[in-house]
Amino acid sequence: DAKTTQPNSMESNEEEPVHLPCNHSTISGTDYIHWYRQLPSQGPEYVIHGLTSNVNNRMASLAIAEDRKSSTLILHRATLRDAAVYYCILLRPPGNTGFQKLVFGTGTRLLVSP
Amino acid sequence: EAGVTQSPTHLIKTRGQQATLRCSPISGHTSVYWYQQALGLGLQFLLWYDEGEERNRGNFPPRFSGRQFPNYSSELNVNALELEDSALYLCASSLGGDSRPYEQYFGPGTRLTVT
């Protein structure tokens, strides 16, 4: 499994934007970048994913570096409900000898203050 | 649209017994995944089913087994329960196919306690 590196924790104030970085210098050409989060006492929740281009959805935006060796998850206006552990995960298409298993590293614990 | 459902919510068994956990995927999803999350630990991949077949399994002993039914629901069976099997068991589902890794949607989990 390709490795990702994230800061252990970050802090934000409510209503402010949050940029969560992820380094994946050993990413291969077929690896997709997926982000999940886990709120306290809940199962993981899918946030967003991308391959090469920046992506937006109702939850967040994903900015992918041109060389794909890093990416940033952007929460445009943090709320208290966004306090969670965020995981950056690389996944390969199953047909390319990839397995559809999520491997969660330590992630980034996001603290949001009112 | 209904999400992934799991039953039961809680399950208490004694050592040596068997446990059966059930999962219903989101309508239209053909892949089902099982994960174990022990207290204070990260998710550990258990099993992946797609179109009724086991596609991959994690590093767990054979007493962890499962199956996927024609309606894509799935069952996880744990035989000869041990105390360390106590954990939250999470089921996730996704679209199937090999073209890209699809996002997984998780159910609320089954809390298994082995005494």
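Student: What's the story with the overall build of chain B in this structure? I'm lost.
Tutor: Each helix and strand counted, chain B has zero helices and eleven strands in total. Walking chain B from its N terminus toward its C terminus, one meets helices and strands in the order β-β-β-β-β-β-β-β-β-β-β. Rg of the C-alpha trace for chain B: 13 Å, near the compact-globule value of 13 Å for 115 residues, within the 12% margin. Dimensions of chain B, computed from C-alpha atoms along their principal axes, come out at roughly 40 × 30 × 30 Å. Looking at the 115 residues of chain B, the share that counts as buried comes to 50%. Contacts in chain B between residues at least 24 apart in sequence constitute 54% of all its contacts with a sequence separation of at least 6. Per element, the accessible surface of chain B, about 5,400 Å² overall, is 49% carbon and sulfur. Side chains of chain B carry 9 positive and 11 negative charges; the gap between the two charge centres is 8 Å.

Student: So what exactly am I meant to see when it comes to the sheet that holds strand β7 (residues 64-68) of chain B here?
Tutor: Through backbone hydrogen bonds, the strands of a sheet pair up, either in parallel or in antiparallel fashion. Residue and element names in this part refer to chain B. Strand order in the open sheet formed by four strands is β1-β3-β8-β7, and the pairing between neighbours is antiparallel. Edge positions in the open sheet fall to β1 (5-7) and β7, since each of these has one partner strand only. Across the sheet, the mean angle from the axis of one strand to that of its neighbour is 15°, orientation sign disregarded. Pairing between strand β3 (residues 19-24) and strand β8 (residues 74-78): five bridges, direction antiparallel. Bridge pairing in β8 links Leu 21 to Leu 76.

Student: What am I meant to see in the interface of chain B and chain A here?
Tutor: Many descriptions give the size of an interface as the accessible area lost when the pieces come together. Facing 20 residues of chain B, the contacting portion of chain A comprises 18 residues. Across the chain B to chain A interface the summed buried area is about 1,700 Å²; carbon plus sulfur atoms make up 62%. Our enumeration of links across chain B and chain A arrives at zero salt bridges. Where chain B touches chain A, the interface holds two residue pairs in polar contact (both at pLDDT 80 or more). Secondary structure elements with two or more residues in the side of chain B that touches chain A: β4 (31-37), β5 (43-50), β6 (53-57), β9 (87-94) and β10 (105-106) of chain B. Partitioning the side of chain B that touches chain A into residue classes produces ten nonpolar, six polar and four charged.

Student: Would you mind going over the sheet that holds strand β2 (residues 18-23) of chain A with me for this structure?
Tutor: All names here are of chain A. Taken together, four strands build an open sheet; the order of strands is β2-β7-β6-β5 and the sheet is antiparallel. Looking at strand neighbours, the two that pair on one side only are β2 and β5 (55-56), the edges of this open sheet. Pairing of β2 with strand β7 (residues 70-75), which is carried by six bridges, proceeds in the antiparallel orientation. Bridge pairing in β7 links Leu 20 to Leu 73.

Student: Help me out: how do you make sense of the state of the cysteines in this one?
Tutor: Linking two cysteines covalently via their sulfur atoms produces the bond known as a disulfide. Counting across every chain of the model gives two disulfides over all chains. A sulfur-sulfur distance of 2.1 Å marks the disulfide that ties Cys22(A) to Cys88(A). Between Cys22(A) and Cys88(A) the disulfide shows an S-S torsion of about -85°. By sign, it is left-handed. Linking Cys22(A) in strand β2 with Cys88(A) in strand β8 (residues 84-91), this pair joins segments that are 66 residues apart in sequence. Classification of Cys22(A) by relative accessible area gives buried; the value is 1%. Each disulfide pairs two cysteine sulfurs, and for Cys23(B) the partner residue is Cys91(B), the sulfurs being separated by 1.8 Å. With the S-S bond torsion at -60°, the cross-link from Cys23(B) to Cys91(B) turns out left-handed.

What counts and how
Residues numbered from 1 in each chain as written. Chains lettered and ligands numbered in written order. Predicted model: local features only at pLDDT ≥ 70, side-chain atom pairs only at ≥ 80, totals over all residues. Heavy atoms only, no water. Helix = DSSP H or I, 4+ residues; strand = E, 2+ residues; numbered from the N terminus. Rg over C-alpha atoms; globule rule 2.2 N^0.38 Å. Buried < 20%, exposed > 50% of the residue type's maximum accessible area, 1.4 Å probe, protein only. Contact = heavy atoms within 4.5 Å. Areas by Shrake-Rupley, 256 points an atom, 1.4 Å probe, with all protein chains shown as cover. Lys, Arg positive; Asp, Glu negative; His and termini not counted. Charge placed at Lys NZ, Arg CZ, Asp CG, Glu CD. Pairing = 2+ DSSP bridges. Axes fitted to C-alpha atoms, helices over the stretch in contact; angles between N-to-C directions. Buried area = accessible area lost by both parts, 1.4 Å probe. Salt bridge = Lys/Arg side-chain N within 4 Å of Asp/Glu carboxyl O. Polar contact = N/O pair within 3.5 Å; in protein donor to acceptor, adjacent residues only side chain to side chain. Nonpolar A, V, L, I, M, F, W, Y, C, P; charged D, E, K, R; others polar. Disulfide = S-S within 2.5 Å.

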